[in-house]
Amino acid sequence: MADVAQSVVQWLPIAEIAAKVASGELKAVDLVEQSLRTIAAKADYQAIIATTETRARERAQQIDADIAAGKPAGRLAGVPFIAKDNYLVFGADTTAASNILRGFEAPYQATVVNRLEAEGAICVAKANLDAFAHGGSTENSDFFTTKNPHDMTRVPGGSSGGSAAAVVLDMAPFALGTDTGGSIRQPASFSGCVGLKPTYGLTSRSGVVAMASSTDVMGPLTRSVEDAALVFDIFAGQDELDSTTTPRDPAGYSDIAADDTWIQGKKIGVIKEYMSEAGSLEAGVRQSVNAAVDKLRAAGAEIMEISLPSLPLSLAVYYIVVPAEISSNLSRYDGQRFAYTSPDATNLEESYSLSRGVGFGKEAKRRIMIGTYVLSSGYYDAYYKKAQTVRTKIINEFAAAFLQVDFLLGPTAPTTAFKIGENANDPLQMYLADVMTAGPSLAGIPAIVLPVGASDGLPVGIQLMAAQRQDRALLTLARQTERLVV
Amino acid sequence: MISPDIRARYTATIGIECHVQLKTQTKLFAAVGNDAREAPPNTLVSHICFGLPGALPVLNAEVVHLASKAAFALGSVPQKFSKFDRKHYFYPDLPLGYQITQFDQPTILGGSVEIDVEGQKKTIGITRAHIEADAGKSTHPAGQDYSLVDLNRAGTPLIEIVSEPDMHSAAEARAYTRELYLRMRYADVSDANLYYGNMRFDVNVSVSLTSAGAGKLGTRSETKNLNSFRAVEKAVEYEINRQIERLEKGETIVQETRGWDDAGLCTFSQRIKENADDYRYFPDPDLPPIVLTDEYIEQVKAEMPTMPDEWRSRLSTLGLTWAQVETLLDAEIEFETVSFLPLIEANLDKPWLAKHIANWNVNVFIPLVRAGGLKLGKDEHLRLEVEIYELLQANKLSSTNAKQLFADLAGLEKLPESIETFATEKGYIQESDEAAILAVVDQVITDNPQAAEDVRKGEIKAIGFLTGQVMKASQGKANPGLAQQLIKKQLGI
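A quick note: this is a predicted structure, and the numbers were derived from the prediction, not measured.

Trainee: Residue-level account of the overall build of chain B, with values.
Mentor: In terms of helices and strands, chain B carries 16 helices and 16 strands. Taking 23 Å as the expected radius of gyration for a compact globule of 493 residues, we find that chain B reaches 30 Å, considerably beyond that expectation. With the principal axes as the frame, chain B shows a C-alpha extent of 95 × 55 × 55 Å. Within chain B, contacts between residues separated by at least 24 positions form 71% of all contacts whose residues are at least 6 apart in sequence.

Trainee: How would you sum up the confidence of the model for chain B? Please name residues and give values.
Mentor: Considering every residue of chain B, the mean pLDDT works out to 91; 100% of them sit at 70 or more. Among the scores for the predicted complex, ipTM is 0.95 and pTM is 0.90.

Trainee: Lay out the pairing of strand 3 (residues 122–127) of chain A in plain terms, naming residues and giving numbers.
Mentor: Residue and element names in this part refer to chain A. Taking burial as the measure, the six residues of strand 3 include six buried ones, the bulk of the element. Here strand 1 (residues 48–51) pairs with strand 3 via three bridges, running antiparallel. The residue bridging isoleucine 48 from the neighbouring strand is alanine 127, located in strand 3. Note that strand 2 (residues 80–84) and strand 3 share five bridges and pair parallel. Bridged to lysine 84 within strand 3 is alanine 127. With helix 5 (residues 111–118) bridging strand 2 and its parallel neighbour strand 3, the resulting β-α-β unit is right-handed.

Trainee: If you had to explain the pairing of strand 7 (residues 120–133) of chain B to someone new, which residues and values would you point to?
Mentor: Residue and element names in this part refer to chain B. Of the strand pairs in this sheet, strand 5 (residues 108–109) and strand 7 are connected by two bridges, and their pairing is antiparallel. Following the sheet pairing, isoleucine 108 is matched in strand 7 by alanine 129. Here six bridges tie strand 6 (residues 112–117) to strand 7, and the two strands are oriented antiparallel to one another. Its bridge partner lying in strand 7, valine 117 is registered against glutamine 120. Count of turn residues in the strand 6/strand 7 antiparallel hairpin: two residues, of which glutamate 118 carries a positive phi of about 50 degrees. Bridge analysis of strand 7 against strand 10 (residues 157–163) gives seven bridges, and the strand direction is antiparallel. Directly across from alanine 129, in strand 10, lies its bridge partner isoleucine 161.

Trainee: I'd like a description of the sheet that holds strand 5 (residues 194–197) of chain A, backed by residues and values.
Mentor: Residues and elements named next belong to chain A. In space, the eleven strands of this open sheet follow the order 1-3-2-4-6-5-10-11-9-7-8, with mixed pairing throughout. Each edge of the open sheet carries a strand with a single partner, namely strand 1 and strand 8 (302–306). Averaged over all neighbouring strand pairs, the angle between strand axes comes to 30 degrees, with direction disregarded. Note that strand 5 and strand 10 (residues 447–455) share three bridges and pair antiparallel. Across the sheet, lysine 197 pairs through a bridge with alanine 447, a residue of strand 10. Contacting strand 1, strand 2, strand 3, strand 4 (174–179), strand 5 and strand 6 (217–222), helix 6 (residues 161–168) runs over the sheet at an angle of about 155 degrees to strand 4. Strands in contact with helix 10 (residues 283–298) are strand 7 (267–271), strand 8, strand 9 (407–411), strand 10 and strand 11 (458–466); relative to strand 10, the strand with the most contacts, it is inclined by about 115 degrees.

Definitions and limits used
Residues numbered from 1 in each chain as written. Chains lettered and ligands numbered in written order. Predicted model: local features only at pLDDT ≥ 70, side-chain atom pairs only at ≥ 80, totals over all residues. Helix = DSSP H or I, 4+ residues; strand = E, 2+ residues; numbered from the N terminus. Rg over C-alpha atoms; globule rule 2.2 N^0.38 Å. Contact = placed C-beta atoms within 7 Å. pLDDT = per-residue confidence, 0-100. Buried ≥ 20, exposed ≤ 12 C-beta atoms within 10 Å, placed from the backbone. Pairing = 2+ DSSP bridges. Right-handed = clockwise from strand over helix to strand, strands pointing away. Axes fitted to C-alpha atoms, helices over the stretch in contact; angles between N-to-C directions.

Structure (structure tokens):
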């Protein structure tokens with residue numbers, strides 16, 4: 001990675017960048033250029049689908065001018081960021097890395113993006129993903145596969161693989177991802193950065209291409225927990241455009257500094273089912289997680305093993321509930337009003353089948369078929385309804401666990417980043433990458449991943465979890481862990 | 001045509017689904033105007049109506065309010081817990097690829113309305129009524145290789161009221177749909193304008209041999225999108241006859257969706273339902289359930305206006321005919337600026353007066369207002385009614401002059417300061433001063449000795465002639481009743 005170090009300047013912590021822009025010491029226009037230069041220099045990694053450079057430069061000039069004119073600077077003044085390409089953003093097409101949405105120009109922006117922009121942040125590019133966020137490697141992108149920043153023969157994780165790689169490759173101080181069953185956490189672990197999946201409902205889904213409405217959350221991928229906390233603090237909370245959102249913590253999320261004594265006496269449960277032999281956990285991953293656990297124990301945390309007996313069913317439940325919602329959420333892509341329309345159709349029926357048949361990739365079709373099947377009358381009770389029953393059981397087991405401990409932890413995925421193509425022809429193997437992240441998604445609890453070590457030179461991320469709406473405490477724990485481990 | 005005795009061997013069973021457009025400013029899930037009547041195509045749309053990526057539905061609170069009122073109007077109580085589901089099918093005027101509706105837990109469950117067909121009262125059960133979003137409008141220009149879609153109507157809030165199969169004749173079906181209309185209007189939950197399709201009816205009709213016994217229903221047809229009570233009645237009648245004719249010929253009835261030809265007064269096959277559609281209903285994860293508190297439900301109940309059945313029961317003491325009561329109920333909601341019932345109600349403690357006002361409304365006011373002669377606002381009109389009644393009661397107006405006075409004043413923008421002064425100036429006020437009339441009576445008797453003599457001899461008809469002469473001599477101002485009394489008195493009969 002020597003070339004990376006030569007071509008780019010390391011980013012300062014986000015709060016410092018914004019402070020320096022506010023004081024005039026740094027110019028937003030220069031920061032945007034640094035981002036764009038790095039994106040160009042690292043184009044081989046294929047983390048980016050498109051830049052929003054024209055609009056980014058205009059916004060940077062405006063922000064610099066406003067500051068020079070003495071107007072108040074936002075908390076993210078001049079800070080460039082990269083949005084996963086399923087966020088609706090002005091300045092470039094929003095494709096969700098799918099052929100069917102190729103050429104779709106968003107007429108409105110995601111609430112999360114609007115809130116970041118209101119504080120002076122500047123979107124410079126759209127990151128690659130598995131099309132419609134269906135996948136754990138970016139190999140399901142209809143356009144190209146992003147390369148792992150540490151090994152170009154490996155995947156960066158997914159579906160927010162472009163966002164994770166972009167942060168690790170210093171293309172911007174932070175990137176936005178979406179997490180439905182691990183899509184922020186698993187690429188954070190595979191690529192080696194911090195990835196926050198907030199409590200369900202704390203982040204607005206408005207203006208983000210829906211995957212599964214009942215588990216989709218928005219979150220940052222960053223270089224540090226502190227950065228993640230600051231970015232999350234800006235967009236967390238209720239939004240009148242998303243009825244499932246809930247109010248933010250009145251204490252906020254960014255002021256999470258704590259002294260060394262904070263960790264003392266905190267009860268942390270290590271999830272038995274994630275660490276068990278049967279989980280086919282890679283040795284290097286286990287060692288890294290155990291090493292972090294040892295450091296937490298040494299710092300005064302009370303560590304215990306916690307069992308959630310139904311947790312191993314998460315993946316099965318997830319791959320019923322989520323495709324059901326996907327099959328429904330993708331029905332608006334019908335070729336009639338926007339997005340790809342087949343020019344070969346001679347009647348309405350053909351217009352539907354050809355537009356969708358050509359426009360959707362293999363994985364989207366697979367999930368539409370699974371989802372349609374489990375919702376069909378005659379199968380609904382056996383699949384969807386039963387899955388929801390088990391989901392409730394998983395939620396209850398997490399709730400019971402959090403009566404015993406303050407936090408839970410475990411690995412993020414059983415392995416480190418796998419080889420490009422290794423799982424490409426085996427969807428079931430690919431789905432197993434979500435085995436440790438699907439449970440918290442179904443339960444709607446917050447989880448954060450941060451790098452705690454390496455296995456054969458590839459990053460390993462630990463996954464920390466807290467009870468619903470305990471995002472602030474979770475970020476505090478993550479910050480303490482980061483200090484102990486790094 | 002089938003003969004009456006064949007018809008008598010069959011029992012028809014009718015259930016009706018009624019779509020009612022709720023009267024909200026904005027759509028069910030989007031902050032976009034709801035009145036698509038005159039708007040150019042696709043001007044009342046947002047990213048939500050258009051089903052763009054990332055667009056999420058946000059429930060309009062007023063819809064819940066109006067649906068709760070509708071529950072009470074249908075003899076029910078809104079459910080404390082209800083939720084939205086997705087109903088999937090593809091059609092170009094359905095932007096999301098699914099309709100947001102309520103599947104197994106609707107806001108209104110159970111209820112009933114009473115109908116009256118020629119004096120025969122009957123209760124029709126309401127199975128349920130659910131909230132749902134309307135689709136857009138597709139048009140298929142003749143001879144063109146394209147269709148057009150207007151999404152102005154997409155997302156308009158509807159409630160679909162599903163009846164029990166409790167009706168057995170076209171007249172009952174008509175009475176039921178009119179009763180729903182009245183209730184939706186009185187509850188003020190819908191404009192219920194049939195012309196604009198604010199209310200649409202789908203009728204399910206089947207026939208079976210009466211001898212087969214109740215509960216043995218025939219195969220039904222569903223005739224969709226009827227938009228008048230008359231169409232409902234005619235379509236039901238047509239379907240009953242069509243089905244009986246087929247059965248009599250030994251043919252079977254196929255389960256199908258039929259359309260209505262309003263000009264030809266017949267139904268026609270649209271789509272044969274070979275097997276049930278699979279809509280893949282599941283709870284909409286974008287929308288939290290509707291949870292109503294007891295306080296909210298009580299509050300809605302408290303604000304419910306008087307419903308038609310309550311009016312009928314209040315007016316029942318007056319001895320009005322069924323037709324008179326229904327005329328009043330219809331007229332009450334027919335005009336935006338005119339009200340008839342409150343004045344009757346205000347005088348219910350004086351039944352003779354209330355009945356008089358009711359009669360006066362039915363016979364005079366309502367026809368005049370319908371003829372378009374009313375320009376006054378609601379308050380002014382009420383004042384006019386009250387004052388005219390007072391003048392009538394004080395014997396200062398004849399009923400003929402009262403009608404004339406009403407017609408004169410109703411056409412004004414604003415009432416004069418004093419209606420009595422206006423009436424006096426116009427010469428409408430009748431003379432009830434006994435001494436003054438007596439003078440005229442005496443003069444008339446003197447001038448018409450032959451007629452006077454006839455009356456004395458018992459020729460009662462002649463009193464009419466003398467009364468007419470008194471009216472003429474007084475230029476129409478004399479109170480004719482009083483004049484007649486005085487003539488009799490003076491002639492000693």
